Amino acid sequence: KMVVVFIKQWYQRRVRGMVRGPCEFIPSIEMEIIDRRKAMPLDENEGIYVRDIKSGKVRAVVGQTYVLNQDEELWEKNLPEQIEKLLSSEIDPLADRNARSQGSAKSRQKHKVVTYRVPHNAAAQIYDYKAKRARVVFGPDLVMLAPDEHFTQLSLSGGKPKRPNCIRSLCLLLGPDFMTDIITVETSDHARLALQLSYNWHFEYNLAADSASYQADASALFAVPDFVGDACKALASRIRGAVAAVPFDDFHRNSARIIRSSVFGLDDNMKVKGSFKFNANRLVITNVDIQSVEPVDQRTRDSLQKSVQLAIEITTNSQEATARHEAERLEQEAKGRLERQKIDDEAEAEKARTELLKLQSMSAAVESTGQAKAEAQSRAESQKIEGQAAVEQAQLKAEAQNIEASSELKRINDARAGELEYVKATNTLEIEKAKEMASIETSKFQNMVTTLGAENIAKIATSGHDNQLAMLQALGLQSTLITDGSTPLNLFNTAKGFVGALEDK
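Because the structure is a prediction, the values reported are computed rather than measured.

### Section: the side chain of Lys77
Next up, step 1: Among the secondary structure elements, Lys77 is positioned in the loop between β6 (72-74) and α1 (81-88).
Next up, step 2: Within the buried core, Lys77 has no salt-bridge partner, and the shortest N-O distance to an opposite charge, that of Asp148, equals 6.5 Å.
Next up, step 3: With residues up to four places along the chain from it excluded, the contact list for Lys77 reads Tyr49, Arg108, Lys110, Val114, Leu145, Ala146, Pro147, Asp148, Glu149 and His150.

This is the structure we're talking about:
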């Protein structure tokens, strides 16, 4: 995708324009082609700085394919030389945190957005000079600078003893880690000593708080520019003050407790506290390791060496005496155990002799009573065998009777079952016979009715009444009253009733 930026001079005015391809463009004599631009594809972690030549405003374009228009140009972001070296170096801030060299540097395209990968367990501070506020990014994360943003460079102390501006970095490691320092102290009896101490430290911060307190805690981490030098100086002053109050002998015997109590302090129970916190930048010291204690003065070093040799000789002699006394004690204990073992063995021998005599007496008694006991046991065995045979015979008889009774019961059950089947079959035959006879009678009646016909059957049924009606009609009677002698009729009022009816008419 090609675009052409041209300038057209029309009546002494210069006008910038752009032609976007793909197309064919033939400029006129009044036009001047000043640039050919292509689309720049940008990843989500890539960007460019674009400046508007009319307003002068600079912005960052990130994560899209972008083409500069006729009023825009690429803007180069300049950074301090030291920050450029830190960005282009190949040193890992976490793995190579003790390295003093900057490593090989690579050239940076200044119009591209400045990116920095904050490592794990680290933080980087970015300050916006236009908005006048700072933001802190905790790793692992990728920082992309806006046009008005810059990194906060850390210049930390390093070496032994600590020297300022030895370590430069763009991120702050949050620990836990350790730092080693060499300090010179002087006891109350003016013995000067060089102490090599190692401090374990970490930063204490809360990422789960609300936004306001979160930003306050995050900004407090960068409140002290050189936290290594500041912490080492503060701890060295506390240690020097505590050592100056004790003589050399006391410090030589109790150096660990004196140094730890001076650094961490004591609680209400006069016990050494577990940590010491710098409230300014949330730095926490958790442990102090005393790596070496060496006198600075040569005479003190010689006297200390002599005292150490004398102490070693005294300790060696005391250990030899202790070992000799321990060997003598062990020898006496071994002799005592040997005598006691002899006495125990003699007692065990007497016990064994007593047991032997008991066994001999028991064998003699067994020999004298053996025959009678054997005869009695044989009789008992024979009676036992006879009893067992009688019991087995009774059991067999009972089983035989049980088998006979079972077979008889089975025979009776089989006979009854056969008889029941015979009765069932007879009853079934009788029922079938009755059903057949009823069917025959029904068929016979139906055939008779069919043969005679329904009208003939009706005439046969009413033939008696029809004959009587015909006889009466033949006699010429208008009305009749037929009764028998067992049912008399009252006819006394009948005529009156007839006459009364006529009178009414």
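Moving on, there is more to tell.
### Examining unusual backbone geometry
Next up, step 1: Here the amide bond leading from Gly139 into Pro140 is cis, since omega sits at 0 degrees, within 30 degrees of zero.
Next up, step 2: For Pro140, the position within the fold is in the loop between β9 (133-138) and β10 (141-144).
Next up, step 3: With an omega of -5 degrees, the peptide bond between Lys160 and Pro161 qualifies as cis.
Next up, step 4: Considering the arrangement of structural elements, one finds Pro161 in the loop between β12 (154-158) and β13 (163-169).
Next up, step 5: Even without being glycine, Asn165 reaches a positive phi, approximately 60 degrees.
Next up, step 6: Of note, Asn165 is situated in strand β13.
Next up, step 7: Residue classification places Asn165 among the partly exposed residues on the basis of a relative accessible area of 47%.
Next up, step 8: Even without being glycine, Met270 reaches a positive phi, approximately 60 degrees.

### Notes on the confidence of the model for the protein
Interpreting fine coordinate detail is not advised for predicted regions of low pLDDT.
Next up, step 1: Looking at the protein as a whole, its pLDDT mean stands at 84, while 88% of the residues score no less than 70.
Next up, step 2: At the low end of the mean pLDDT range in the protein sits strand β1 (residues 2-10), at 51; at the high end sits strand β4 (residues 47-52), at 95.

### Observations concerning the packing of helix α3 (residues 227-243) against helix α5 (residues 255-264)
Next up, step 1: Remark: α3 packs on α5, axes separated minimally by 9 Å, with the N-to-C direction vectors making an angle of 130 degrees. Judged on the interaxial angle alone, α5 and α3 are oblique. The chirality of how α3 crosses α5 is right-handed. Where α3 approaches α5, its residues Leu235, Arg238, Ile239 and Ala242 are matched on the opposing element by Ile258, Ile259, Ser262 and Val263.
Next up, step 2: When its residues are assigned to classes, the contact of α3 with α5 shows six nonpolar, one polar and one charged.

### A closer look at the pattern of salt bridges
Next up, step 1: Here the structure, examined in full by the defined rule, presents 15 salt bridges.
Next up, step 2: Two residues, Lys335 and Glu331, come together in a salt bridge whose shortest N-O distance is 3.9 Å. Linking Lys335 with Glu331, this pair stays in helix α6 (residues 298-452), spanning four residues, or about one helical turn.
Next up, step 3: For Glu331, a relative accessible area of 43% corresponds to the partly exposed category.
Next up, step 4: Taking the shortest distance from any N to any O, the salt bridge between Arg337 and Glu333 comes out at 3.9 Å. Residue Arg337 and its partner Glu333 are both found in helix α6; the two are separated by four residues, about one turn of the helix.
Next up, step 5: Residue Glu333 is classed as partly exposed on the basis of its relative accessible area of 34%.
Next up, step 6: Here the salt bridges do not stand alone but share partners, grouping Glu326, Arg329, Glu333 and Arg337 into one network.

### Looking at a nonpolar patch on the surface
Next up, step 1: On the surface, Phe445, Val449, Leu452 and Ile457 cluster together to form a nonpolar patch covering roughly 340 Å² of accessible area.
Next up, step 2: At three residues, the largest contribution of residues to the nonpolar patch is made by α6.
Next up, step 3: Tracing the chain through its elements places Phe445 in helix α6.

Rules used in this analysis
Residues numbered from 1 in each chain as written. Predicted model: local features only at pLDDT ≥ 70, side-chain atom pairs only at ≥ 80, totals over all residues. Heavy atoms only, no water. Helix = DSSP H or I, 4+ residues; strand = E, 2+ residues; numbered from the N terminus. Buried < 20%, exposed > 50% of the residue type's maximum accessible area, 1.4 Å probe, protein only. Lys, Arg positive; Asp, Glu negative; His and termini not counted. Salt bridge = Lys/Arg side-chain N within 4 Å of Asp/Glu carboxyl O. Contact = heavy atoms within 4.5 Å. pLDDT = per-residue confidence, 0-100. Axes fitted to C-alpha atoms, helices over the stretch in contact; angles between N-to-C directions. Parallel < 35°, antiparallel > 145°, perpendicular 65-115°, else oblique. Left-handed = near helix turned anticlockwise from the far one by under 90°. Nonpolar A, V, L, I, M, F, W, Y, C, P; charged D, E, K, R; others polar. Patch = residues over 30% accessible without salt bridge, like charges linked within 9 Å, V, L, I, M, F, W, Y side chains within 5 Å. Areas by Shrake-Rupley, 256 points an atom, 1.4 Å probe, with all protein chains shown as cover.

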